[in-house]
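The primary structure of each chain is shown beneath.
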Amino acid sequence: MTLNRNLSRLAAAVATLTLAGCITLLPDSQPAQLYRFTPDPLKQIAPAPTEGRTPLIRAGGNFHPAAAGDRILTAEGAKAAYLANARWTQSASVLFDQALVAAFASSTGPARLITPGELGRPAFGLRVDVSRFEADYDKGPRAAPEVRVNLHIVVTRLRDQKVVREQSFTVTRRASENRSGAIAEAFRDAASEALGAIITTADEGVAAGPAV
């Protein structure tokens, strides 16, 4: 009986630690709910075949400094603030990079993204600049905001440093309501569309600018 009681207490303590890992506790503040816009890490994504595809590698790029951290940036006119009691699980720039790698891994287009250290000689460079990644309260502080993501994408042929494709995109998604969970979902949907635009531009660049 004593052993059973001790095991029960241990299980309760482990459960408490597990739950505590899902939130961020700050002194004298409410718990911050954590969100991500990357694919579920527990779901296995079958990698796309690599044969016959052209390798390219990330060649620089910037992420809006105010939005690059783990706080969720909002804007209202000329004012900017961070969403209260809500954060990303990691910095937004890291999550975006992870999502980009995952998106290319499942893509079957002609462009194949390789990461540093991966086997393969890249023929093209891909630069992605994210100049805006925020929830815009364009209809007032009580209305559901619109998530806006601004991208600039450049595909360069490495052998002669020629730009073979250059595109700018603005992706918007209106949150279903003014709460952090709905806003995070709008970020997820906007990021997904932005990643699709990046892959399409990379595929077009590879097709338009043969490596040899």
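Whatever comes next refers back to the structure up there.
Residues numbered from 1 in each chain as written. Predicted model: local features only at pLDDT ≥ 70, side-chain atom pairs only at ≥ 80, totals over all residues. Heavy atoms only, no water.

Caption draft 1: Quick look at the environment of R173. With respect to the helices, strands and loops of the structure, R173 is situated in strand β9 (residues 162-174). In this structure R173 comes out as partly exposed when scored by relative accessible area, which is 33%. For the pair formed by R173 and P145, sequence separation is 28 residues and the distance between their alpha carbons is 8.7 Å. A polar atom in the side chain of R173 sits 2.7 Å from the side chain of E193. (Helix = DSSP H or I, 4+ residues; strand = E, 2+ residues; numbered from the N terminus. Buried < 20%, exposed > 50% of the residue type's maximum accessible area, 1.4 Å probe, protein only. Polar contact = N/O pair within 3.5 Å; in protein donor to acceptor, adjacent residues only side chain to side chain.)

Caption draft 2: Main features of the pairing of strand β8 (residues 146-157). With 10 of 12 residues buried, β8 is to be regarded as a mostly interior element. Bridge analysis of strand β7 (residues 124-136) against β8 gives 12 bridges, and the strand direction is antiparallel. Residue pairing in the sheet places D136 in a bridge with E146 of β8. Linking two consecutive strands that pair antiparallel, namely β8 and β9, is a turn of 4 residues; a positive phi of about 60° is found at Q161 within it. (Pairing = 2+ DSSP bridges.)

Caption draft 3: Quick peek at the layout of surface pockets. Counted as a void, the largest pocket has a volume near 170 Å³. Broken down by secondary-structure element, the contributors of at least two residues to the lining of the largest pocket are α2 (92-106) and α3 (180-208). Broken down by element, the lining of the largest pocket gets its largest block of residues, 6 residues, from α3. Broken down by class, the residue content of the lining of the largest pocket amounts to 9 nonpolar, 4 polar and 1 charged. (1 Å grid on protein atoms, 1.4 Å probe; cavity = no way out; pocket = protein on both sides within 12 Å on 5 of 7 lines; lining within 4 Å. Points joined across faces, edges and corners; volume = space filled by probe spheres on them. Nonpolar A, V, L, I, M, F, W, Y, C, P; charged D, E, K, R; others polar.)

Caption draft 4: Structural context of the nonpolar core. Membership of the largest hydrophobic core comes to 49 residues, with the highest contact counts inside it found for W88, F96, F104, F133, V149, L151 and I198. Residue assignment for this core shows that the elements contributing at least two residues are β4 (71-76), β5 (79-88), α2, β6 (111-114), β7, β8, β9 and α3. Tallying contributions element by element places α3 first for this core, with 12 residues. The residues contacting L151, other than those within four sequence positions of it, are F96, V128, D129, V130, Q167, S168, F169, A194 and I198. (Core = buried A, V, L, I, M, F, W, Y, C linked by side-chain atoms within 4.5 Å. Contact = heavy atoms within 4.5 Å.)

Caption draft 5: View of the packing of aromatic side chains. Evaluation of the coordinates by the stated rule reveals 7 aromatic pairs. With 5.1 Å between their ring centres and 45° between their planes, F133 and F187 make a pair best called tilted. Taken as a pair, F133 in strand β7 and F187 in helix α3 lie far apart in primary sequence, 54 residues in all. On the accessibility criterion, F133 (2% relative accessible area) is buried. Counting every residue linked through ring pairs, the aromatic cluster contains F37, F63, W88, F96, F133 and F187. In this arrangement the basic side chain of R71 is found over the ring face of Y82, its NZ or CZ atom lying 3.9 Å from the centre. (Phe/Tyr/Trp six-rings, centres within 6.5 Å; stacked < 30°, edge-to-face > 60°. Lys NZ or Arg CZ within 6 Å of the ring centre and 35° of its normal.)

Caption draft 6: Inspection of the pattern of salt bridges at higher detail. For the coordinates displayed, the defined rule picks out 15 salt bridges. One salt bridge in this structure joins D136 and R148, with 3.2 Å as the shortest N-O distance. Taken together, the residues D136 in strand β7 and R148 in strand β8 connect sequence positions 12 residues apart. In this structure, D138 and R148 form a salt bridge, with 3.6 Å as the shortest nitrogen-oxygen distance. Here D138, found in the loop between β7 and β8, pairs with R148, found in strand β8; they are 10 residues apart in sequence, far enough to count as distant. Assessed through its relative accessible area of 36%, D138 is described here as partly exposed. Salt bridges sharing partners connect three or more residues here, namely R132, E134, D136, D138, E146, R148 and R174. (Salt bridge = Lys/Arg side-chain N within 4 Å of Asp/Glu carboxyl O.)

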